[in-house]
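The chain contents come next:
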Amino acid sequence: MTTDTPPIAPTARNRNRGMLIAIVALFFGSMLVAGILRFSGWTPEGRKNHGVLLDPPADLRSVVPSLADGGEYHWNPDARTWRIAVAPPADCGAACATLAEQLDTVWRLFGKDADRVHLLWVCGTAGCMPPDGAPRPRTLHLLQPDPRLLSALPPGDGSAVDPATPGAVPVYVIDPNGFVILRYAPGFDPVGLRADMAKLLKLI
(Lines give C-alpha, C1' and ligand atoms only; values in the text may rest on other atoms or scores of the structure.)
Protein backbone atom coordinates (compact mmCIF):
# COMPACT_ATOMS: atom_id res chain seq x y z
CA MET A 1 0.00 0.00 0.00
CA THR A 2 1.53 3.28 -0.98
CA THR A 3 0.77 6.79 0.09
CA ASP A 4 1.17 9.50 -2.47
CA THR A 5 2.91 12.65 -1.29
CA PRO A 6 0.60 15.58 -1.81
CA PRO A 7 1.94 18.04 -4.36
CA ILE A 8 3.44 21.27 -3.07
CA ALA A 9 1.17 24.18 -3.73
CA PRO A 10 2.63 26.82 -6.09
CA THR A 11 2.33 29.44 -3.35
CA ALA A 12 4.41 27.39 -0.90
CA ARG A 13 6.96 26.58 -3.62
CA ASN A 14 7.40 30.25 -4.47
CA ARG A 15 7.73 31.11 -0.78
CA ASN A 16 10.47 28.51 -0.24
CA ARG A 17 12.30 29.67 -3.36
CA GLY A 18 12.08 33.28 -2.18
CA MET A 19 13.50 32.40 1.24
CA LEU A 20 16.41 30.51 -0.36
CA ILE A 21 17.22 33.46 -2.61
CA ALA A 22 17.06 35.83 0.37
CA ILE A 23 19.46 33.66 2.40
CA VAL A 24 21.95 33.42 -0.48
CA ALA A 25 21.72 37.17 -1.10
CA LEU A 26 22.26 37.91 2.58
CA PHE A 27 25.28 35.62 2.79
CA PHE A 28 27.05 36.87 -0.31
CA GLY A 29 25.97 40.44 0.35
CA SER A 30 27.63 40.34 3.77
CA MET A 31 30.82 38.97 2.22
CA LEU A 32 30.77 41.70 -0.40
CA VAL A 33 30.34 44.46 2.18
CA ALA A 34 33.07 42.97 4.38
CA GLY A 35 35.42 42.80 1.41
CA ILE A 36 34.76 46.41 0.43
CA LEU A 37 35.37 47.60 4.00
CA ARG A 38 38.51 45.47 4.33
CA PHE A 39 40.16 46.71 1.15
CA SER A 40 39.15 50.31 1.77
CA GLY A 41 41.15 50.24 5.03
CA TRP A 42 38.14 50.67 7.32
CA THR A 43 38.38 49.16 10.81
CA PRO A 44 35.93 49.26 13.72
CA GLU A 45 36.40 52.29 15.94
CA GLY A 46 37.45 50.16 18.91
CA ARG A 47 40.26 48.54 16.89
CA LYS A 48 41.89 51.68 15.51
CA ASN A 49 45.35 52.70 16.66
CA HIS A 50 45.96 56.26 17.75
CA GLY A 51 49.62 55.97 16.82
CA VAL A 52 50.97 55.21 13.35
CA LEU A 53 51.55 51.47 12.91
CA LEU A 54 55.02 50.96 11.42
CA ASP A 55 55.08 48.49 8.54
CA PRO A 56 57.52 46.88 8.69
CA PRO A 57 58.46 47.51 12.32
CA ALA A 58 62.03 48.56 13.06
CA ASP A 59 64.06 45.63 14.44
CA LEU A 60 66.21 46.47 17.48
CA ARG A 61 66.77 42.91 18.68
CA SER A 62 70.48 42.97 17.86
CA VAL A 63 71.00 46.37 19.49
CA VAL A 64 71.99 46.45 23.16
CA PRO A 65 71.80 50.07 24.33
CA SER A 66 74.08 51.31 27.11
CA LEU A 67 72.61 52.89 30.21
CA ALA A 68 73.72 56.43 31.02
CA ASP A 69 74.95 55.35 34.46
CA GLY A 70 76.73 52.26 33.14
CA GLY A 71 75.65 48.75 32.23
CA GLU A 72 73.46 47.55 29.40
CA TYR A 73 69.75 47.60 28.68
CA HIS A 74 68.48 44.24 27.36
CA TRP A 75 65.11 43.66 25.71
CA ASN A 76 64.46 40.42 27.65
CA PRO A 77 61.24 39.22 25.90
CA ASP A 78 60.37 36.79 28.70
CA ALA A 79 59.66 39.71 31.02
CA ARG A 80 56.85 40.89 28.68
CA THR A 81 57.94 44.50 29.12
CA TRP A 82 56.69 47.22 26.78
CA ARG A 83 58.60 50.45 26.20
CA ILE A 84 57.67 54.04 25.46
CA ALA A 85 60.73 55.70 23.94
CA VAL A 86 61.72 59.28 23.14
CA ALA A 87 64.96 60.59 21.65
CA PRO A 88 64.95 64.37 22.14
CA PRO A 89 67.73 66.76 21.18
CA ALA A 90 69.90 68.35 23.86
CA ASP A 91 68.19 71.76 23.55
CA CYS A 92 64.62 70.45 23.77
CA GLY A 93 63.79 72.78 26.68
CA ALA A 94 60.14 73.47 27.50
CA ALA A 95 58.90 70.90 24.95
CA CYS A 96 60.77 68.13 26.78
CA ALA A 97 59.52 69.31 30.17
CA THR A 98 55.94 69.07 28.91
CA LEU A 99 56.61 65.69 27.30
CA ALA A 100 58.13 64.31 30.51
CA GLU A 101 55.03 65.39 32.45
CA GLN A 102 52.73 63.77 29.89
CA LEU A 103 54.63 60.47 29.87
CA ASP A 104 54.69 60.36 33.65
CA THR A 105 50.90 60.85 33.73
CA VAL A 106 50.37 58.13 31.10
CA TRP A 107 52.66 55.76 33.01
CA ARG A 108 50.84 56.31 36.31
CA LEU A 109 47.49 55.54 34.68
CA PHE A 110 48.64 51.97 33.97
CA GLY A 111 48.19 51.22 37.66
CA LYS A 112 49.15 47.64 38.49
CA ASP A 113 50.65 47.21 35.00
CA ALA A 114 52.94 50.26 35.32
CA ASP A 115 56.00 48.13 36.14
CA ARG A 116 55.57 46.37 32.79
CA VAL A 117 56.08 49.67 30.94
CA HIS A 118 59.57 51.15 30.74
CA LEU A 119 60.13 54.75 29.70
CA LEU A 120 63.28 55.05 27.59
CA TRP A 121 64.87 58.49 27.35
CA VAL A 122 67.28 58.01 24.44
CA CYS A 123 69.85 60.76 24.16
CA GLY A 124 70.52 62.07 20.69
CA THR A 125 73.66 63.89 21.83
CA ALA A 126 76.03 63.40 24.75
CA GLY A 127 74.74 64.83 28.01
CA CYS A 128 71.07 64.81 26.93
CA MET A 129 68.93 64.26 30.01
CA PRO A 130 65.35 65.01 31.11
CA PRO A 131 64.90 68.65 32.17
CA ASP A 132 65.66 69.56 35.78
CA GLY A 133 62.64 68.98 37.96
CA ALA A 134 60.94 66.66 35.43
CA PRO A 135 59.27 63.59 36.96
CA ARG A 136 61.26 60.39 36.86
CA PRO A 137 59.06 57.29 37.16
CA ARG A 138 60.74 54.25 38.70
CA THR A 139 60.81 52.47 35.31
CA LEU A 140 62.56 55.37 33.56
CA HIS A 141 65.82 54.34 31.88
CA LEU A 142 68.30 56.88 30.54
CA LEU A 143 70.18 55.50 27.54
CA GLN A 144 73.44 56.71 26.09
CA PRO A 145 73.49 57.87 22.45
CA ASP A 146 73.60 54.91 20.06
CA PRO A 147 73.62 55.52 16.29
CA ARG A 148 72.08 52.10 15.61
CA LEU A 149 69.19 52.77 17.96
CA LEU A 150 68.57 56.30 16.68
CA SER A 151 68.67 55.23 13.03
CA ALA A 152 65.97 52.63 13.74
CA LEU A 153 63.52 55.28 14.98
CA PRO A 154 61.63 56.81 12.05
CA PRO A 155 62.41 59.06 10.21
CA GLY A 156 65.62 57.05 10.58
CA ASP A 157 67.98 59.91 9.77
CA GLY A 158 70.03 59.45 12.93
CA SER A 159 68.22 62.14 14.91
CA ALA A 160 64.73 60.74 15.53
CA VAL A 161 63.49 64.34 15.60
CA ASP A 162 60.63 65.29 13.32
CA PRO A 163 62.27 67.01 10.30
CA ALA A 164 59.16 69.07 9.63
CA THR A 165 59.30 70.74 13.04
CA PRO A 166 62.80 71.38 14.41
CA GLY A 167 62.97 70.50 18.09
CA ALA A 168 59.69 68.56 18.00
CA VAL A 169 59.91 65.13 19.54
CA PRO A 170 57.91 62.07 18.40
CA VAL A 171 57.23 59.15 20.72
CA TYR A 172 57.65 55.44 19.94
CA VAL A 173 56.30 52.16 21.33
CA ILE A 174 58.69 49.19 21.41
CA ASP A 175 57.35 45.69 22.00
CA PRO A 176 58.85 43.12 24.43
CA ASN A 177 61.00 41.59 21.67
CA GLY A 178 62.63 44.86 20.62
CA PHE A 179 60.51 45.86 17.61
CA VAL A 180 59.48 49.50 17.18
CA ILE A 181 55.81 49.13 16.25
CA LEU A 182 54.12 52.52 16.77
CA ARG A 183 55.05 56.16 16.24
CA TYR A 184 53.27 59.21 17.65
CA ALA A 185 53.85 62.54 15.93
CA PRO A 186 54.86 65.59 17.99
CA GLY A 187 51.84 67.09 19.71
CA PHE A 188 50.16 63.68 20.05
CA ASP A 189 47.26 63.17 22.43
CA PRO A 190 48.53 61.31 25.56
CA VAL A 191 45.05 59.80 25.96
CA GLY A 192 45.52 57.98 22.65
CA LEU A 193 48.93 56.65 23.70
CA ARG A 194 47.48 55.37 26.95
CA ALA A 195 44.57 53.69 25.12
CA ASP A 196 46.90 51.93 22.65
CA MET A 197 49.22 50.74 25.41
CA ALA A 198 46.31 49.44 27.49
CA LYS A 199 45.29 47.20 24.57
CA LEU A 200 48.85 45.98 24.04
CA LEU A 201 49.31 45.13 27.72
CA LYS A 202 46.26 42.87 27.50
CA LEU A 203 47.66 41.04 24.44
CA ILE A 204 51.01 40.05 25.96
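These numbers were taken from a predicted model, which means no experiment stands behind them.

What counts and what doesn't
Residues numbered from 1 in each chain as written. Predicted model: local features only at pLDDT ≥ 70, side-chain atom pairs only at ≥ 80, totals over all residues. Heavy atoms only, no water. Helix = DSSP H or I, 4+ residues; strand = E, 2+ residues; numbered from the N terminus. Buried < 20%, exposed > 50% of the residue type's maximum accessible area, 1.4 Å probe, protein only. Contact = heavy atoms within 4.5 Å. Areas by Shrake-Rupley, 256 points an atom, 1.4 Å probe, with all protein chains shown as cover. Salt bridge = Lys/Arg side-chain N within 4 Å of Asp/Glu carboxyl O. Pairing = 2+ DSSP bridges. Axes fitted to C-alpha atoms, helices over the stretch in contact; angles between N-to-C directions. Phe/Tyr/Trp six-rings, centres within 6.5 Å; stacked < 30°, edge-to-face > 60°. Expected span 1.5 Å × (residues − 1). Polar contact = N/O pair within 3.5 Å; in protein donor to acceptor, adjacent residues only side chain to side chain. Lys, Arg positive; Asp, Glu negative; His and termini not counted. pLDDT = per-residue confidence, 0-100.

(A) Region of the structure containing the overall build of the chain. For the chain, the count of helices and strands is 4 helices and 6 strands. In sequence order, the secondary structure elements of the chain are arranged as α-β-β-α-β-β-α-β-β-α. For the chain, the proportion of its 204 residues judged to be buried stands at 37%. Within the chain, counting contacts between residues at least 6 apart in sequence, those at least 24 apart form 64% of the total. For the chain, the exposed surface amounts to about 12200 Å²; the carbon and sulfur share of it is 60%.

(B) Fine view of the pattern of salt bridges. Scanning the model with the defined rule gives 5 salt bridges in all. Residues Asp59 and Arg61 are paired through a salt bridge, measuring 2.7 Å at the closest nitrogen-oxygen approach. Taking the shortest distance from any N to any O, the salt bridge between Asp104 and Arg108 comes out at 2.9 Å. Of this pair, Asp104 and Arg108 both sit in helix H2 (residues 94-108), separated by 4 residues, roughly a single helical turn. Accessibility expressed as a relative area gives 8% for Asp104, which makes it buried. A relative accessible area of 57% places Arg108 in the exposed class.

(C) How the structure looks around the sheet that holds strand E5 (residues 171-174). Strand order in the open sheet made by the 6 strands is E1-E6-E5-E2-E3-E4, with mixed pairing throughout. Looking at strand neighbours, the two that pair on one side only are strand E1 (52-59) and strand E4 (140-143), the edges of this open sheet. Direction aside, neighbouring strands of the sheet carry axes that sit 25° apart on average. Bridging between E1 and strand E6 (residues 179-184) involves 4 bridges; their strand directions are antiparallel. Note on E6: the bridge partner recorded for Val52 is Arg183. Contacting strand E2 (82-86), strand E3 (117-122) and E5, H2 crosses the sheet at an angle of about 170° to E3. In the packing of helix H4 (residues 190-203) onto the sheet, the strands contacted are E2, E3, E5 and E6, and the crossing angle to E6 comes to about 155°.

(D) The arrangement of the packing of aromatic side chains in detail. Per the counting criterion, the structure on display carries 2 aromatic pairs. Aromatic side chains Tyr73 and Trp75 sit 5.6 Å apart centroid to centroid with 85° between the ring planes, which places their arrangement in the edge-to-face category. The pair Tyr73 / Trp75 is uniform in exposure class, with both members buried. With centroids separated by 5.8 Å and ring planes inclined at 55°, the aromatic side chains of Tyr184 and Phe188 adopt a geometry described as tilted. The exposure classification of Tyr184 matches that of Phe188, with both residues buried.

(E) Main features of H4. An ideal rise of 1.5 Å per residue puts 20 Å on 14 residues; H4 measures up with 20 Å between its terminal C-alpha atoms. The complete set of buried residues in H4 reads Gly192, Leu193, Asp196, Met197, Leu200 and Leu201. If you follow the buried residues of H4, they end up packed against E2, H2, E3, E5 and E6. Structurally, the start of H4 carries an N-cap: the backbone nitrogen of Val191 is 3.0 Å from a side-chain oxygen of Asp189.

(F) Spatial organisation of the side chain of Asp196. Secondary-structure assignment places Asp196 in helix H4. Buried within the structure, Asp196 lacks any salt-bridge partner; Lys199 is the closest side chain of opposite charge, at an N-O distance of 4.8 Å. The contact partners of Asp196, leaving out residues within four places of it in the chain, are Lys48, Asn49, His50, Gly51, Leu182 and Tyr184.

(G) Layout of the confidence of the model for the chain. Chain-level pLDDT for the chain is 77 on average; 67% of the residues reach the 70-or-more range. Contacts from residues 24-46, a stretch scored under 50 in pLDDT, to residues over four places away or in other chains number 3 contacts.

(H) Focus on unusual backbone geometry. Here the bond from Asp55 into Pro56 is cis, since omega is 0°, no more than 30 degrees from zero. Position of Pro56 relative to the elements: it lies in strand E1. Although it is not a glycine, Asn76 sits at a positive phi angle of roughly 50°. Relative to the helices and strands, Asn76 is located in the loop between E1 and E2.

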